[in-house]
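Architecture at a glance
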Protein chains: 2
Amino acid sequence: MNVSYRPIGVIRTPHHSPETTPIQPVYAQDYEGQVEVFPEFEDGLKDIEGFSHIYLIYHLHRAEPPRLIVKPFLQDVERGIFATRAPCRPNPIGLSIVHLVRREGGVLHVRGVDILDGTPLLDIKPYTTRFDCIQTLRNGWQDDVDDATAEQRGRRKKMEGARETSE
Amino acid sequence: MNVSYRPIGVIRTPHHSPETTPIQPVYAQDYEGQVEVFPEFEDGLKDIEGFSHIYLIYHLHRAEPPRLIVKPFLQDVERGIFATRAPCRPNPIGLSIVHLVRREGGVLHVRGVDILDGTPLLDIKPYTTRFDCIQTLRNGWQDDVDDATAEQRGRRKKMEGARETSE
C-alpha cells in the first residue's frame, strides 16, 4: 500500500533553521542554492537549461509530525492542512518553483530557495507558462491576506524595534 | 535512505488507458473526476473549497520503468526526463493543477483531470496566484512547439481520416 521513493539528489541552501526559512520562493528571491543531482541521474538533466523556472519536489525531512488542522504562516486562523502549504502534512512532500540560473553538469544553480539545507530531492519538472500559470477565480483564505502582511510574514525576518509597528 | 509515503486517498477519473489520457489538465478540460480522500484525513480538507484550483500530487502507479532520455508527448526529439513531464521518471510522482468544482465531505469534484482512474493520492496543496503563477523567461524546447500542435498531441485524441492532415 505504501509507496517508496529514492532521493535523486540533495538541495544545498543557506537555510539551516526552519524558523528563519522563507515560506515560499516568492519571498526568497535573495537566496541562491545548488541542486546536486546524483551522477547516475545526471543524463536526465539534458535540455533543462532551456527553462527559466523549474519545479523542485522534495522530502520535507525536518517537518514536524502531521497535523490536520494548522495555523498557516500567513494568518492566525486555523485551517485544514490541505488548504495550506505548511510542512507538517500527512506525506511531507515539498514543492517549490525556483529560477534556474545555470547548470554545471549535475549541479543546478537556482534562485528563490525556500528550502532547508540538506533536503532530499525527489523530482524535477520544467515549469511552463502553457501548463502551469493559471488564472484562478478564488484564492481561498489567502485573498484575505494583504500583500504587505504576506511579504513580511513570508520572508520570516523579524522586524527590529520601532520599525516593526510601522511596516 | 528511501522515503515512504502512504496514500491519503484515490483519484477517480474517466481515463482507463494511458494511451488516450490527456497529458496535462490544460488539455483535459472536458473531463471531470472525483478525489476521494480517506475518512481519517477528511478534517485536513477544511477551507479548501475557497480555492478555485488545487495541486494534486500523486503516485503514477502505471508508469513504465524509468528512462533518463525520452521523447516527450509534444515533440519527436529526445530530451532529458527532468526537462519533460513524462511519467517514466526515477520517482514516478505526478503533479496536476485541477479546477475544484465543489466539495462533498471527503470527496472533491474536480475538472481537468489528466490522471488515470484509481491513481493513489499523496498530497493536496492550494494553488494561488501569489505563489504559483510565474512569468517565465524561457520555456525550453516547449517554446518550439506551436499551440495547435501542442493541443492536438496533448489531448491524445486521434484525428480521423482526411481531417488528420488538415489539422
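Everything below is about the structure printed above this text.
It should be emphasised that the depicted structure is a prediction, and the values quoted were computed from it without experimental measurement.

1. Points about the interface of chain B and chain A
The interface of chain B with chain A comprises 60 residues on the first partner and 60 residues on the second. Residue assignment for the side of chain B that touches chain A shows that the elements contributing at least two residues are strand E1 (3-5), strand E4 (53-59), strand E6 (79-80), strand E7 (93-104), strand E9 (119-126) and helix H1 (129-132) of chain B. Considering each element in turn, the side of chain B that touches chain A owes the most residues, 6 residues, to E9 of chain B. Looking at side-chain class alone, the side of chain B that touches chain A contains 32 nonpolar, 16 polar and 12 charged residues.

2. So, the pairing of strand E3 (residues 32-37) of chain A
Residues and elements named next belong to chain A. Side chains Gly33, Val35 and Val37 of E3 all project onto a buried face; the interleaved residues Glu32, Gln34 and Glu36 project onto a face where none is buried. Pairing between strand E2 (residues 9-12) and E3: 4 bridges, direction antiparallel. Among the inter-strand pairings, Gly9 is bridged to a residue of E3, identified as Val37.

3. Remarks on the sheet that holds strand E8 (residues 107-111) of chain A
Residues and elements named next belong to chain A. The sheet built from 6 strands closes into a barrel, its strands ordered E2-E3-E8-E7-E4-E9 with antiparallel pairing. Adjacent strand axes in the sheet meet at a mean angle of 45°, parallel and antiparallel pairs treated alike. By the bridge criterion, 5 bridges tie strand E7 (residues 93-104) to E8 in an arrangement that is antiparallel. Across the sheet, residue His99 finds its bridge partner in E8, namely Arg111.

What counts and what doesn't
Residues numbered from 1 in each chain as written. Chains lettered and ligands numbered in written order. Predicted model: local features only at pLDDT ≥ 70, side-chain atom pairs only at ≥ 80, totals over all residues. Contact = placed C-beta atoms within 7 Å. Helix = DSSP H or I, 4+ residues; strand = E, 2+ residues; numbered from the N terminus. Nonpolar A, V, L, I, M, F, W, Y, C, P; charged D, E, K, R; others polar. Buried ≥ 20, exposed ≤ 12 C-beta atoms within 10 Å, placed from the backbone. Pairing = 2+ DSSP bridges. Axes fitted to C-alpha atoms, helices over the stretch in contact; angles between N-to-C directions.

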